[in-house]
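# Coordinates in review
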Amino acid sequence: MSAVQTAAPPLALRTRRLAVRFRPTRFVLNVILGLIALFWLVPTLSLLVISLRPASSFGVTGWWTVFTAPTQLTLHNYQSLFSTGFASGGILDSAITTALITVPATVLVTVLASLAAYSLVFGRWRGRTAVFLVIVALLVVPVQVALIPVAQLYNAFGHVSGFNPFGTLPGVIIFHVAFGLPFGIFLMRNFYTGIPKDLLEAGRIDGAGEWTLFRRVVLPLGLPAAASLAIFQFIWVWNDLLVGLVFLGGNQHHTLTIYLYGFTRTLANNYWVIATGGIISILIPLAIFFSFQRYFVRGVLAGAVK
Amino acid sequence: MSRVVLKDLTKRYAGGNLAVDRLNLEVGDGEFVCLVGPSGCGKTTALRMIAGLEDISGGQVMIGDKVVNLLPPRDRDIALVFQSYALYPHMSVFDNMAFGLKLRKTPKPEIESAVREAARILDLERYLDRKPGQLSGGQRQRVALGRAIVREPAVFLMDEPLSNLDAKLRVQTRAEIAALQLRLGVTTVYVTHDQVEAMTLGHRVAVLREGRLQQCDTPRRLYEHPCNVFVAGFVGSPAMNLDRLPFDGTAARAGEVGIPLPGAAAAAARQAGLSEVVLGLRPESLSLELDGGGDGATRLSGAVHLVEDTGADAWVHVDAPGGSSALRLVALADARRLPAVGDRIVLAVRVAEAHVFDPATGERLGD
Amino acid sequence: MATVPRRRSLVLRRAVATPAETGGASVDATGLVELGKPPGGGWRSHLGSLLFLAPAAIWLALIVGYPLVGTIRDSFFNNTSTGFVGLANYKTVFSTADILITFRNNVIWVVVAPFLLTFLGLVFAVLTERIRWSTAFKTVVFMPIAFSMTASGLVWNSIMNIDPHIGMLNATLQTVSDWVSPPGLYPVNTSAGQTVSSLAATGLKAGPGGTLESTAAVSPGGTVTLGMIGISPATLQLVGAQTADVPSPASGAVSGLVWRDFSPSHPTTRGQVYPDEDGIAGLSLSLLSSDGSSVGTTQTDAHGDFRFAGVNAGSYRVEVGSGNFSSGFTGIYWLSGTQSITPTSGLSQTAQALLSIPLVDMSMIIAYLWIWAGFAMVIIGAGLAAINREVLEAARIDGATEWQTFRRVTMPMLAPVLIVVFVTMTINVLKIFDIIVNMAPSVSQANTLATELYNVGFASVPSANGTASAIAVLLFILVMPVIYINLRRIR
């Protein structure tokens, strides 16, 4: 199809020199890239098809036989997963748990990072550069480094206050926020430095205090960056396995990734669960990816240091 | 009442270099004063200290009768028009102008009428719902002005507000600003690097150089009595011819010719025991004698090096014999009767209009 | 520090109060000016904007900063964090074979993955500039980044499954392999210890190269009966085998029967054809002359009968070809960890283990590339788009070919972006966890520092805080150069 398009007159007219030089190679190029694109689609497609095939057919015939016998498709797997309803440890419960972690962690990071970035860019206190450099250094600190001490910290806090965040949603959220902040501040600061200082000064002359400047001038102007950050952070937290695994330890509610991970050792018997759950778990990130691709790409570009 | 007084205003940066050095200036109520000077002369820093955007290292800023050194910008009762206009890109023209009033909790109807009035004055009524991004450069500039005037501040501060406009629009807007200031009668401090702008707008013009005030006077006085070589060279376009020439007690020697100096200047030079002076001659003090003849004026002969024809006027660059090196003088000529490059011509010097400066200090000699 | 702001605020209140009493006396502020640095924007702006930083700063200090220090401390303490043990934990880490293998795996990941990924990203970014459907292509390749590495790991876990009925990769290889050399009807699973010779029951013996041949010689006009065991009735049913019967001899032909020499009614009797025994259908046979050369081929029918017609006089043997028992392609153990490139020279076992490159690492890197290639492509693509077109045009006008322009102009201008991608991916790979635990959950050969840290510090009971902290510190030391690079880049 693309090869046909390439040969179509309008393009040939527009870039005649290139077209004349490259036409034979272009056809090959289109074919190769087509195959690559196909290769990239297959894993996702396989997950979808397996989730729609009877569980009993797994390991008997390959999922690709669906192309010759499409009648085997059924929603039965989804019905089975949903049949347990919101029982703890089930797929729906896991989805809700994931959302309960992801949404606060995203909102907190976006808000706190925006505030901190404002302070770093427009504040007038000394040592702003030094603080920023520390944050840049923290960007690449692996979460693994903090797991054990934070777990201890949670336990210690539990002894003192009676509320031990270990094994609770707040415990997971607090950890995610901390490790989302350096990137968030980095991204927002980079964006805020592009806002002309004149605007802030105009605001100060117009009578705005710091909070008003932040709320009425900087925040609205930084909205695209905040959106990028929020989307990036959302997908990051939604997809996390390790932090949830550690800090939800002992909790009867799981995140979606923990739910899936639970079946890995009995894969052959439960692949229908994994496939169906896998599809459910990627629905929201995928929806976000397609709705906000522009912001997401921007976030990725900004996050190229993480 | 709403005068602006700068007393020994100083700005010293962390590195120790002085951006503004003991600047003393009084801007009377309703007066329009331009701060002018080359880039880096401290004019914008001074303005920003008046506005409260820059910390003051020393001295005082008084607005009205109070010292405002410690007041944040919002409490100084000023408005600032930025070079970049600094319009809030996410707000409509109306909201841009209304923002300051809203923050001051002005009642809605009042805001509405103030903004409408400003928009009417500035011919912006049709654009009130637009965002700054949808406006032309001239319109944005007017919105920036509008934002300043709706607040009815005691002082207008303007930081090169015309420098982002094209030449034609700049001239037009310049006239509008002058008319607006006259009409509103608000004390105005206006920063520019363009001396023409300063001369046409300011009731008085303050010339700054390297953080120091050189001279603050009316445009006419500045032009006719520049107090030093810097001001003499800075004010006027094309610039004054400034040349260092041997001084023989009464006249400056240009080759064979002696250019007699005005009496007071010559006396001052003699008193200082100078053997050289800097002679300043405005292009219009030199005239071409194409037909020869004329009265007993001092004459210099030379060769035409370049002719710049601007239409109404023309500037003729002439190489004439000078002191140690040849003089290159720019003379005003009648554009209808121009010499050709290479022609030998004679320049008549109106010696009474000559400016004389001390070559060592650059200070003006005589009156 | 506490007193100065208070004094300032008093001063300020005086200054602010004046508007109410304007007109009158000017406030003498000379003394106030000398108080200190006059806060032009108001002291509140300094304090206010510092307050904005506070929540993030406290959060970071508590959950990132303090733990960083805590981990370093714990790495010098015993596994319950109660007693100082010096460098013992580090000694443990560097002397435990399992942990050393995790280092090896991290090295393999770090050496292979970022390089391949940057290369792939560059190729995609450059090639997509030349097609009209680049947006679609980019979307497809970029999409996996939205998936969790858990989900992605599980997808690839199934794609790389050993069973060609599950694993698409092996299924594809099987299709190709079967097309090149089709499997026999009666595959013998040699990898499970089955042998072809064990199939011989009556009148058969093992021949050369995985064949069977008749024990007795036969001449034209004669018949042979060849009994086999160890072939399941299900397989026979599948190929449509019928009841075995001994064919009548024909002149000038060698006739015979191959049958399943196992009667459920006479389970111990061999060599007798019973009516409850089936012929072995579809078997490829050759007739071998006395010098071993093949003089003819045939196949058994549904009853297991065969006939070589038009055979010259002489003494022959019947051969059952090895192809009948070929099991064809049975799949590659992509994720088992037992298949690897291992140096076989005279090294110790540990050294061999450390220097081998297990296939499972490579398999997981393929999955990793699938996830992250889009990221590299998008970033490098943005870098390409940012290159001034006029520079490229200038190169063309200077006479550079397409390749020269790319090599001499585009690549150098793109280098910073490539480095960013490479560095980012290096950090990412150092911390690799999700893919490992989901693609190779029980394969200790596949462990990395991050999974080992989790196993030692959390998954095992009792957990070993000291060892885990030492691993964490080592992980942190590994990312330190990147911190340095980032800081330099930003300054």
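Just above, that's the structure.
Residues numbered from 1 in each chain as written. Chains lettered and ligands numbered in written order. Predicted model: local features only at pLDDT ≥ 70, side-chain atom pairs only at ≥ 80, totals over all residues. Heavy atoms only, no water.

## Focus on the interface of chain C and chain A
Formally: Residue contacts follow a heavy-atom distance rule, with two residues in contact if any of their heavy atoms lie within 4.5 Å. Accessible area that two parts lose when put together, evaluated with a 1.4 Å probe and summed over both, is termed the buried area. Counted as salt bridges are all cases of a side-chain nitrogen of Lys or Arg within 4 Å of a carboxyl oxygen of Asp or Glu. Polar contacts, as counted here, are pairs of nitrogen or oxygen atoms within 3.5 Å of one another; within protein the pair requires one atom able to donate a hydrogen and one able to accept it, and residues that are adjacent in sequence qualify only if both atoms are side-chain atoms. Helix and strand labels come from DSSP, where a helix needs a run of H or I of at least four residues and a strand needs a run of E of at least two; each type is numbered from the N terminus.
Contact with chain C, which involves 96 residues of that partner, is made by 100 residues of chain A. Of the roughly 8700 Å² buried between chain C and chain A on both sides combined, carbon and sulfur atoms contribute 77%. Of all residues in chain C, the largest losses of buried area upon contact with chain A belong to Phe 52, Trp 59 and Arg 132 of chain C, amounting jointly to 9% of the total for that side. Linking chain C to chain A there are zero salt bridges. At the junction of chain C and chain A, the tally comes to 15 residue pairs in polar contact (both at pLDDT 80 or more). With 21 residues, the single largest contributor to the side of chain C that touches chain A is helix α3 (residues 43-74) of chain C.

## Description of unusual backbone geometry
Residues and elements named next belong to chain B. Backbone torsion omega between Ser 237 and Pro 238 reads -5°, so that peptide bond is classified as cis. Inspection of the secondary structure puts Pro 238 in the loop between α8 (229-234) and β11 (241-246). Positive phi values are uncommon outside glycine, yet Lys 105 reaches one of about 60°. Within the secondary structure layout, Lys 105 lies in the loop between α2 (93-103) and α3 (108-121). With a phi close to 45°, Glu 152 is a non-glycine residue in the positive phi region. Within the fold, Glu 152 resides in the loop between α4 (137-150) and β7 (155-159).

## Brief notes about the nonpolar core
To be explicit about the condition: Residues belong to one nonpolar core when they are buried, are Ala, Val, Leu, Ile, Met, Phe, Trp, Tyr or Cys, and are joined through side-chain atoms within 4.5 Å. Classification of residues uses two cut-offs on accessible area relative to the type maximum, computed with a 1.4 Å probe and protein chains only: under 20% is buried, over 50% is exposed, and between them is partly exposed.
In this structure, Phe 175, Tyr 192 and Phe 247 of chain A together with Trp 109, Phe 137, Met 364 and Tyr 368 of chain C are the most contacted members of the largest nonpolar core, which totals 238 residues. Non-local contacts of Trp 109 of chain C, meaning those with residues more than four positions away in its chain, are made with Pro 114, Asp 361, Met 364, Ile 365, Tyr 368, Val 429, Ile 432, Ile 435, Ile 436 and Thr 448 of chain C. Of all hydrophobic cores here, the second largest spans 47 residues; its members include Ala 119, Ala 148, Val 231 and Phe 234 of chain B.

## Thoughts on the sheet that holds strand β4 (residues 223-228) of chain C
Residues and elements named next belong to chain C. Spelled out, the test is: By the convention used here, strands pair only if DSSP detects at least 2 bridges between them. Every axis corresponds to a line fitted to the C-alpha atoms, with the helix fit spanning only the stretch in contact, and the corresponding angles, defined between N-to-C directions, vary from 0 to 180 degrees.
Reading across the sheet, the four strands line up as β1-β4-β5-β8 and stay open at both edges, with mixed pairing between neighbours. Each having just a single partner strand, β1 (200-202) and β8 (305-308) make up the two edges of the open sheet. With strand direction ignored, the average angle separating the axes of adjacent strands in the sheet is 30°. Where β1 and β4 come together, two bridges link them in antiparallel fashion. Within the sheet, the bridge partner assigned to Thr 202 lies in β4 and is Gly 227.

As far as function goes, none of this settles anything; it's purely spatial.
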